[in-house]
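# Structural overview for review
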Number of protein chains: 2
Amino acid sequence: MAKPFPNSLAFFLLLISLFSSTPESHRLPQFLGKASRLPKTQNNLTQQYTYETRYFHQTVDHFSFTDLPKFQQRYLINSDYWVGPNRMGPIFLYCGNEGDIEWFAVNTGFVWELAPRFGAMVVFPEHRYYGESMPYGSQKEAYKNASTLAHLTAEQALADYAVLITDLKRNLSAESSPVVLFGGSYGGMLAAWMRLKYPHIAIGALASSAPILQFEDIVPLETFYDIVSNDFKRESTSCFNTIKKSWNIINSVGQKANGLDHLAKTFHLCGKLKSSGDLSDWLDSAYSFLAMVDYPYPSEFLMPLPAYPIKEVCKEMDNSPDGTSVLDRIYKGISVYYNYTGIADCFELDDDPHGMSGWNWQACTEMVMPMSSNRDSSMFPEWEFNSTSYAEDCWNQFQVTPRPTWITTEFGGHDYKSILKTFGSNIIFSNGLLDPWSGGSVLENVSESVVALVTEKGAHHLDLRAATEDDPDWLVKQRASEVEIIEGWIEDYYKKKKATFNM
Amino acid sequence: MAKPFPNSLAFFLLLISLFSSTPESHRLPQFLGKASRLPKTQNNLTQQYTYETRYFHQTVDHFSFTDLPKFQQRYLINSDYWVGPNRMGPIFLYCGNEGDIEWFAVNTGFVWELAPRFGAMVVFPEHRYYGESMPYGSQKEAYKNASTLAHLTAEQALADYAVLITDLKRNLSAESSPVVLFGGSYGGMLAAWMRLKYPHIAIGALASSAPILQFEDIVPLETFYDIVSNDFKRESTSCFNTIKKSWNIINSVGQKANGLDHLAKTFHLCGKLKSSGDLSDWLDSAYSFLAMVDYPYPSEFLMPLPAYPIKEVCKEMDNSPDGTSVLDRIYKGISVYYNYTGIADCFELDDDPHGMSGWNWQACTEMVMPMSSNRDSSMFPEWEFNSTSYAEDCWNQFQVTPRPTWITTEFGGHDYKSILKTFGSNIIFSNGLLDPWSGGSVLENVSESVVALVTEKGAHHLDLRAATEDDPDWLVKQRASEVEIIEGWIEDYYKKKKATFNM
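Rules and cut-offs
Residues numbered from 1 in each chain as written. Chains lettered and ligands numbered in written order. Predicted model: local features only at pLDDT ≥ 70, side-chain atom pairs only at ≥ 80, totals over all residues. Heavy atoms only, no water. Axes fitted to C-alpha atoms, helices over the stretch in contact; angles between N-to-C directions. Helix = DSSP H or I, 4+ residues; strand = E, 2+ residues; numbered from the N terminus. Parallel < 35°, antiparallel > 145°, perpendicular 65-115°, else oblique. Contact = heavy atoms within 4.5 Å. Least-squares fit on C-alpha atoms with pLDDT ≥ 70 in both. Disulfide = S-S within 2.5 Å. Buried < 20%, exposed > 50% of the residue type's maximum accessible area, 1.4 Å probe, protein only. Pairing = 2+ DSSP bridges. Domains from an automatic or database assignment. Buried area = accessible area lost by both parts, 1.4 Å probe. Salt bridge = Lys/Arg side-chain N within 4 Å of Asp/Glu carboxyl O. Polar contact = N/O pair within 3.5 Å; in protein donor to acceptor, adjacent residues only side chain to side chain.

Residue and element names in this part refer to chain A. Between helix H9 (residues 237-255) and helix H12 (residues 309-318), the least distance of the axes is 9 Å, while the angle of their chain directions is 75°. One finds that H9 runs roughly perpendicular with respect to H12. Side by side, H9 and H12 meet where Ser 238, Cys 239, Thr 242 and Ile 243 of the first sit next to Cys 314, Met 317 and Asp 318 of the second.

In structure tokens:
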């Protein structure tokens, strides 16, 4: 049995399958960055960028004085191009998100490419409770129960970055060096929030694909699945329709005698299928991830994929001979995602039933992003967000009660335009409209210095990836705008510093 | 035995005496608001302002998900003058500080007086761990040990206010009502910080006597005691000198046989004196408090005092007949503070040795405000802040380790001018230069909307007190400026709201 990239793949699926117990709440789209380990295929990438791996003695609870042991927070650092403290060399700080920091580092080529140009130091701190940065000494201990997971929150992570960078600068006598924040997806949300909450620490933030508005009812609850659906529809209406039809068929086949075996065979599953819902979740997550990584060139971010993979998926579904069943079409299409290299003989829906997901904890506490699926505009089954069953699931899974209005209380969100206009400055919200998370982000300029860079054909934090020869013009342009804006922040900062010196 | 206002007084002294174990660290000046109960003499004041007392089911830990019981946060509310949600009536939110909220409410007449003028609702939430707002059900349980005290922090208190006001507004459909923050002393720090950290919740803050720069080495460590000393020196150099001489005399008398009895007799103490240090601390705190309440008219904030009480203290010291000993002069002077009404027969230095102080906990965790006393410019004994012994004392007292650099990491402070200029807006820092806390506050305009209102002859948050017939012109003017600025914030807010509606 050969499976492509089982580690990363299984992890993604695991996240979703954990929520599959009740039909009302099984949909919980994930960001890309849930790989808790660097996929083996990307090991070669670590050689592409050089960095030192260090550990910082970090406080578990910044906002209270509960007597908890400190933990080792991992961070990657490179000073090769840094022009040093005397010339106030900038520091580029990537806000680590929900996964192994090395994985984000190798997939954030943009920051590494900028460093020499700006004479900047590069720092990639890892998010607590991910990768190696585990409170209580190990993942096993950290993920033991609700009490040990309690301090896995965005505010604590931001405080980690604030404390770490302040200490680092002090030790280097680099207090005057400007810090620029970078982040993609959840990391982009952290970058934007850090700029808002810690303006004394960072002069600006590039928040790529950061859905800071995906809370409560700030954006319509259907947005996410509507965008995924539209990504398919724009390639082919029949593809959209095939998928839309498939859910009922899967469901009804699954209810027949030997129906689950039939489904397992049709979809080449390695093991037994426990319920048709498991299969639907597996497909659902593939479509959502395809929308996120609908990149304009072949990529290997999650798994090896062709350029604009949704087009290829739809081609496979549409181009099957007349008379091909809906399920066979779905299988052919989905194989582009799960088995583009063709080396997989069969598929596992979930190979780590005992794992625990940090992101699921976060989604069950602060990061409640309500989503529905609309009967007409979505190709997914109709489904309405139900906060009660959501909370019940969270209780069953973690013995924790979500606080769905906390994020907007702490970071704002309602009436965000006037708020960002008055208080925010130096934030770039970059988004590609193919990315389903773009619907929860900031897509219009809010002020002169809180700007939106939107590309029609971009997907999930594409701009943060390393430049390639296949980059389309609009991507090259987007990155050039980002560089120009960041340059402006740094120049402004130097000007003000100079003015202070001369006073 | 009659003692004036033993509750409030003893409480202040207690705070200081708790730190009197080692000579290096006994100096820990307190704000005014440490009265955990409303002094009986001020009971009549509660009838002056009418409010409803309510309780909010509050989260103990906003930044983590430790499973802790909720607690009842008390808040006072008055809607008599509120013009309601449809007219977007403003909400005046006083950031409760380290004491009983009723005490602050009755001593913050300014806010009550403004309410009718602005058609505003008035809300006074109580700071957690003070007054009746006790996690774990009672003061006894809340103050049991470091673990129960753990969540007594400024960030948690700010989050309390944010959550409470957001909920209150939601329930009243008053999401569009602008919130203006008020606060004095530590409450003023909270108001300023809340405006910086929660700009989406409040449109501006009047931060009266808020020493947000009294951390690390942002202001010279001698500032506080130098200002106290100068307050005495400006009244009379001989008074300053008498006090400066007294410490060595007290110390040497205390070391003689029967010396402590002699001191106790000289100072009319009710009980035995355990060490000359206890007496010094008692005097030290009186001088510091005198500087804070050196108000231009007779007041009863801490205790009944004449107008400009330092002048009166110095008169008593200076006008004693030639040949009066230094200690007798000190006693005569200090009696103005401790016994202005003349009804006390003797004094207790500390009548509640088993009490615990919330502020001492805060000073031992986040609120590390390092202070020294300069040999030449200060009338207090020379003394240098020692962070090691400070931390040792905190460990001995609470089994907690201070985080002296945390406040500036979380809220900024270094390079505050350029930070406040770029990010802050709509903050008034009001200060009176007689107030020793003014040295740690913002005394210059930082930008068009972050302004300093400084009065030469004002003391600790005098502007927040109710208007009196004895108010000097400069005070009337200061308050008028505050009203005008706040009016501007609210008008601006309405204009922007209108622009949004018309868009």
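So, on to the relation of the copies chain B and chain A. Take chain B, turn it by 180°, move it 0.0 Å along the axis, and it overlays chain A with an RMSD of 0.0 Å. The relationship between the two copies is best expressed as a two-fold rotation axis. Of the interface residues in chain B, 100% have counterparts in chain A that sit at the interface too, so the contact is made through matching surfaces.

Bringing the state of the cysteines into the picture now. Residue and element names in this part refer to chain A. Summed over the entire model, instances satisfying the criterion amount to six disulfides over all chains. Bridging Cys 270 to Cys 346, the disulfide has an S-S length of 2.0 Å. Between Cys 270 and Cys 346 the disulfide shows an S-S torsion of about 100°. By sign, it is right-handed. Here Cys 346 lies in the loop between helix H13 (326-338) and helix H14 (358-363) and Cys 270 lies in the loop between helix H10 (259-266) and helix H11 (276-292), a separation of 76 residues in the sequence. Using a relative accessible area of 13% as the deciding quantity, one classes Cys 346 as buried.

Let's shift gears to the sheet that holds strand E3 (residues 91-94) of chain A. Residues and elements named next belong to chain A. The eight strands are arranged E1-E2-E4-E3-E5-E6-E7-E8 in an open sheet whose pairing can be described as mixed. Edge positions in the open sheet fall to strand E1 (52-58) and strand E8 (450-455), since each of these has one partner strand only. Across this sheet, the average inter-strand angle for adjacent strands is 20°, counted without regard to direction. Sheet analysis places strand E7 (residues 427-432) next to E8, joined by six bridges and oriented parallel. Across the sheet, Ile 428 pairs through a bridge with Val 451, a residue of E8. Across the sheet, helix H3 (residues 109-118) lies against strand E2 (71-78), E3, strand E4 (121-125), strand E5 (179-184) and strand E6 (204-208), angled at about 150° from E4, the strand it touches most.

Attention shifts here to the domain arrangement of chain A. All names here are of chain A. Domain annotation of chain A identifies domain 1 (53-216 + 405-503) and domain 2 (222-395). Listed by partner, the interface residues are 43 residues for domain 1 and 30 residues for domain 2. Taken together, both faces of the contact between domain 1 and domain 2 bury some 3000 Å²; the carbon and sulfur share is 68%. The largest contributions to the domain 1 side of the interface with domain 2 come from Gln 214, Leu 434 and Pro 436, which together make up 21% of the buried area. Counting across the domain 1 and domain 2 interface gives zero salt bridges. At the boundary of domain 1 with domain 2, the tally comes to ten residue pairs in polar contact (both at pLDDT 80 or more).

Let's shift gears to the interface of chain B and chain A. Chain B puts 43 residues into the contact, and the matching count from chain A is 43 residues. Remark: the boundary between chain B and chain A carries two salt bridges. Lys497(A) is paired through a salt bridge with Asp415(B); the nearest N and O atoms lie 3.6 Å apart. The interface formed by chain B and chain A holds 21 residue pairs in polar contact (both at pLDDT 80 or more) in total. At the level of secondary structure, the elements contributing two or more residues to the side of chain B that touches chain A comprise helix H6 (154-171), helix H7 (186-197), helix H16 (406-411), helix H17 (416-423) and helix H18 (473-501) of chain B.

This brings us to the environment of Trp193(A). Locating Trp193(A) in the fold gives a position in helix H7 (residues 186-197). Separated by twelve residues in sequence, Trp193(A) and Ala205(A) place their C-alpha atoms 9.0 Å apart.

Right, let's talk about the pairing of strand E3 (residues 91-94) of chain B for a bit. Residue and element names in this part refer to chain B. On E3, burial covers both faces: Ile 91 and Leu 93 on one face and Phe 92 and Tyr 94 on the other are all buried. By the bridge criterion, three bridges tie E3 to strand E4 (residues 121-125) in an arrangement that is parallel. Each bridged residue has a counterpart across the sheet, and for Phe 92 the counterpart in E4 is Val 122. The pairing of E3 with strand E5 (residues 179-184) spans four bridges and is classified as parallel. Bridge pairing links Tyr 94 to Phe 182 in E5.

Moving on, we come to the pattern of salt bridges. Residues and elements named next belong to chain A. By the definition in use, this model includes 36 salt bridges over all chains. Arg 128 is paired through a salt bridge with Asp 160; the nearest N and O atoms lie 2.7 Å apart. Of the two residues, Arg 128 is situated in the loop between E4 and helix H4 (139-142) and Asp 160 in helix H6 (residues 154-171); the sequence distance between them amounts to 32 residues. Take Arg 128 and Asp 160: they sit in the same class, and that class is buried. In this structure, Arg 170 and Asp 167 form a salt bridge, with 3.8 Å as the shortest nitrogen-oxygen distance. Residue Arg 170 and its partner Asp 167 are both found in helix H6; the two are separated by three residues, about one turn of the helix. It is possible to trace a salt-bridge network through shared partners that takes in Arg 74, Asp 100, Glu 102, Glu 126 and Glu 132.

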